[in-house]
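So the chains spell out like this:
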Amino acid sequence: MRKYLLIISAALVFVFGCKKDADFLQTDPSNILTDETVWKSESLVLSVLADLYNRYVDQQTITNWAEYTNFDEAFPSQASEYWRVQQIDYPYDWWNLWDYGQMRDLNLFIQKCTAATALSEDARTRFLGEARFLRAALYFEEVKRMGGVPLITEPMTYDFSGDPTYLQHARAKESEIYDFVIAEMDTIKTMLPDDPATQSRATKGVALAMQARAALYAASIAKYGAGTPSVATAGAEVGIPADKAAGYYQKALAAAQEIINGGKYSLYQKKAEDLQDNFAATFYDKSNNPEVIFAQDFKLKSGKVQGWTIANQPWSSAEEQQGGRVNPSLNLAEQFEKLDNTYAPFATNSGSDYIYYENPGDIFAGRDARLGGTIMLPGSKFKGKDLDIWAGIMYWNNGAYSIISGDTYGEIGNIPGGPTGVQIVGTDGPIDGKEYSAQTGFLVRKFMDPAVGSGQLGTQSEVWWVRYRYAEVLLNAAEAAFELNQPAVAAGYMNTVRARAGLTTPLTAADITFDRIVHERKVELAFEGHEMFDNKRWRLAHKVWNGESISASEVVSNIGKADKINTQIYGLWPYKIYNPGSANDGKYVFKVVKSANVTAAHRFNLGNYYSSISADILSNNPKLVKNPNQ
């Protein structure tokens, strides 16, 4: 049975006593807990540990929807967030993380737990393993963003001598931080339970999963960093030597294979009759889910819920009058392959004429099931209700089509020369510039909660945020195997993931290329927080987001190329045909469009590969060196 960690009062802190000054000061306080009390109680220690879990750092998460709209996965359909598709350069201080307050708390916990002889040996060992896991996770997040950081594993305390220099530490090498994370996982995997049913606390499974991911990151930086030699420092605080790549790839593959061969995790396949629903359910079904290795959990009526479904529910069936904020891009949607393993844009035109579809969902037929499991498409349903996504009516007018649309959800209007009082735009849009409408023609499905009430402010959702899952482990193993010249092994792992999505023609060893590796992660792991960090470690970010504007024709070309330019978000809008007497009357056509609010082309500069260290931190510690290209 999955174990939930609940957060308790901030009274569970480490406190210091004071000497008596009057008789009343001899009375022990009743509203705080002393160190001595805490470290004699396994339940109180668990509560302190729960707070440390609650401070786990993520970048893109379901609790912060707008972060998904910074790059090319989605458009932000909220007026106050349009600036995200209107800026060119990313600030150098974005994504930075330098939290040695949290690191000190983790080091304190480890120190005190090590000395807590009143705890049972089993409990103490597990608590220590969990705290070391959380400390390694924080270092992993820091090195992903900052490069090498000071490696401090003991709590530091200022002695008020007036000389703080002994507290100043130089940055470790980037490779040394990765080595620390990898080594810690080797140590703690034997300290943690090997229990796949435990998914919100650290286990052997997530220790191995983190090890595989961290080693893969280090390997990629070592290999592909050779292509950006200026993204390095003289002391290797940034940059990893290329000759370390093979060793890291081997460690990544070994850790992933230990999970795979252990047989305790598997892909979610409870709904084999509908592969789109099956993929969507992977992220909201918390009952005996064999794929989820580690997640941030939420629980209704506990005070710990999340509002992803409120933020993104279709307007046409919203339980509150809001939603539709994350609009997946055409750039992402077209990445999902046809079932014959080929890439192709959605078919909108045949020569000079449109292609006409009986139903708006027909254009998406015959595709990787992860498309409909990740994105709400025109013609699909949510919570059993039809989405109403169409941009307007195209009516035949003197030998050509004209368009009529509206400015409000489901607007009623008149077709010139035709009927009056008819709906002229979908209740979900798309309406250009209308916040909460599906401005790209799509809405997000991944992590959406189908339960009644999940779209209500007073209820919200308990769907978990999945940080590590088995499909990623398979893809990590595939990538490491490919880089170690084992393409047949890589193909086997990738085919396991792809078969779940309905892609039944296996890839061969000859099919496995770097482009294939990148593509598979893009479609399997969309909206799970991987895209930016993957493009950084592969040194693709400055190529993919190079500041050059792209046209509609460029958006639908070079699909499946790892370095395809994706600097501007496009959409795909369906229109209803009004042409009485024609065989096409009542059918749907599609147009590739770009929102008027997309006014800039994103540019990822070389200085963005590692976030800047703030000026106050640099001034307080002269041993630190700045990150390059800033």
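Keep in mind that this is a model prediction, so the values were computed, not measured.

A. Representation of the confidence of the model for the chain. Of all residues in the chain, 95% attain a pLDDT of 70 or more, and the chain-wide mean is 94. For the chain, per-element mean pLDDT is lowest for helix 1 (residues 35-38), which scores 86, and highest for helix 12 (residues 470-483), which scores 99.

B. Structural context of unusual backbone geometry. Backbone torsion omega between G429 and P430 reads 10°, so that peptide bond is classified as cis. Of note, A236 is a non-glycine position whose phi angle comes to about 65°, a positive value. Turning to its location among the elements, A236 is positioned in the loop between helix 6 (204-224) and helix 7 (245-262). Phi angles above zero are rare outside glycine, and R539 is one such case at about 55°.

C. Focus on the side chain of S612. Structurally, S612 can be placed in the loop between strand 16 (588-593) and helix 18 (615-620). Exposure remark for S612: the relative accessible area of 14% places this residue in the buried category. Beyond its immediate chain neighbours, meaning those up to four positions away, S612 contacts Y92, D93, N96, M146 and Q630.

D. How the structure looks around the nonpolar core. With 117 residues, the main nonpolar core has F109, F133, Y139, F140, Y178, M210 and Y468 as its most contacted residues. Among residues more than four places away in sequence, those in contact with F140 are Y178, V181, M210, R213, A214, Y217 and Y468. Grouped together as the second largest cluster of nonpolar side chains are 53 residues, A333, I363, A438 and I550 included.

E. Spotlight on the sheet that holds strand 9 (residues 393-397). Strand order in the open sheet formed by four strands is 10-9-15-16, with mixed pairing between adjacent strands. Taken across any chain shown, the strands that pair with only one partner, and hence form the sheet edges, are strand 10 (400-404) and strand 16. In this sheet, neighbouring strand axes are inclined to one another by 40° on average, regardless of whether the strands run parallel or antiparallel. Where strand 15 (residues 571-578) meets strand 16, six bridges bridge the pair, whose relative direction is antiparallel. In the strand pairing of strand 16, Y575 is matched with V589.

F. Expanded view of the packing of aromatic side chains. Summed over the entire model, instances satisfying the criterion amount to 35 aromatic pairs. Ring geometry for Y90 against W94: centres 5.9 Å apart, planes inclined by 50°, an arrangement best described as tilted. Side by side, Y90 and W94 carry an identical accessibility label, which is buried. With a centroid separation of 5.8 Å and an interplanar angle of 85°, the aromatic rings of F514 and W538 are classed as edge-to-face. Of this pair, F514 sits in helix 14 (residues 514-524) while W538 sits in the loop between helix 15 (531-537) and helix 16 (541-544); the two residues are 24 residues apart in sequence, bridging distant segments of the chain.

G. Summary view of helix 3 (residues 100-114). The first and last C-alpha atoms of helix 3 sit 20 Å apart over 15 residues, in line with the 21 Å expected at 1.5 Å per residue. Listing the buried residues of helix 3 in full gives Y100, Q102, M103, L106, N107, L108, F109, I110 and C113. Buried residues in helix 3 make contact with helix 2 (42-54) and helix 4 (121-146). Sitting at the head of helix 3, D99 places a side-chain oxygen 3.3 Å from the backbone nitrogen of G101.

H. Up close: the side chain of S329. Residue placement: S329 occurs in the loop between strand 3 (326-328) and helix 10 (330-333). For S329, a relative accessible area of 0% puts it in the buried group. A distance of 3.1 Å separates a polar side-chain atom of S329 from the backbone nitrogen of L332. If we skip the residues at most four places from it in the chain, S329 touches D72, E73, A74, T440, F442, I569 and Y570.

I. Structural detail: helix 5 (residues 174-188). Look at helix 5: 22 Å from first C-alpha to last across 15 residues, which is about the 21 Å you get at 1.5 Å a residue. Within helix 5 the residues assigned to the buried category are E174, S175, I177, Y178, F180, V181, I182, E184, M185 and I188. On its buried face, helix 5 is in contact with helix 4, helix 6 and helix 7.

Criteria and thresholds
- Each residue is numbered by its place in its chain's sequence as written, counting from 1.
- For a predicted model such as this one, the threshold for reporting local features is a pLDDT of at least 70, and the threshold for listing and counting side-chain atom pairs is 80 or more; totals across whole chains, interfaces and linings nevertheless cover every residue.
- For side-chain calculations, the full set of non-hydrogen atoms in the structure is used, while hydrogens and water are omitted.
- Every residue is assigned a pLDDT by the predictor, reflecting its confidence on a scale from 0 to 100.
- In this text, helices come from DSSP runs of H or I with a minimum length of four residues, and strands from runs of E with a minimum of two, each type numbered from the N-terminal end.
- The classification of residues rests on relative accessible area computed with a 1.4 Å probe and restricted to protein chains. Under 20% of the type maximum is buried, over 50% is exposed, and intermediate values are partly exposed.
- Any pair of residues with heavy atoms lying within 4.5 Å of one another is described as a contacting pair.
- The set of buried Ala, Val, Leu, Ile, Met, Phe, Trp, Tyr and Cys residues whose side-chain atoms join them within 4.5 Å is what this entry labels a nonpolar core.
- If DSSP finds at least two bridges between two strands, the strands pair.
- Structural elements are reduced to axes, namely lines fitted to C-alpha atoms, with helices fitted over the stretch in contact, and the angle between N-to-C directions of any two is expressed from 0 to 180 degrees.
- Aromatic pairing here means that ring centres of Phe, Tyr or Trp (its six-membered ring) are within 6.5 Å. Orientation follows from the plane angle: under 30 degrees is stacked, over 60 is edge-to-face, and everything else is tilted.
- Here a helix's expected span is defined as the number of its residues, less one, multiplied by 1.5 Å.
- Residues adjacent in sequence count toward polar contacts only when both atoms are side-chain atoms; beyond that, a polar contact is any pair of N or O atoms within 3.5 Å, and within protein one must be able to donate a hydrogen and the other to accept it.

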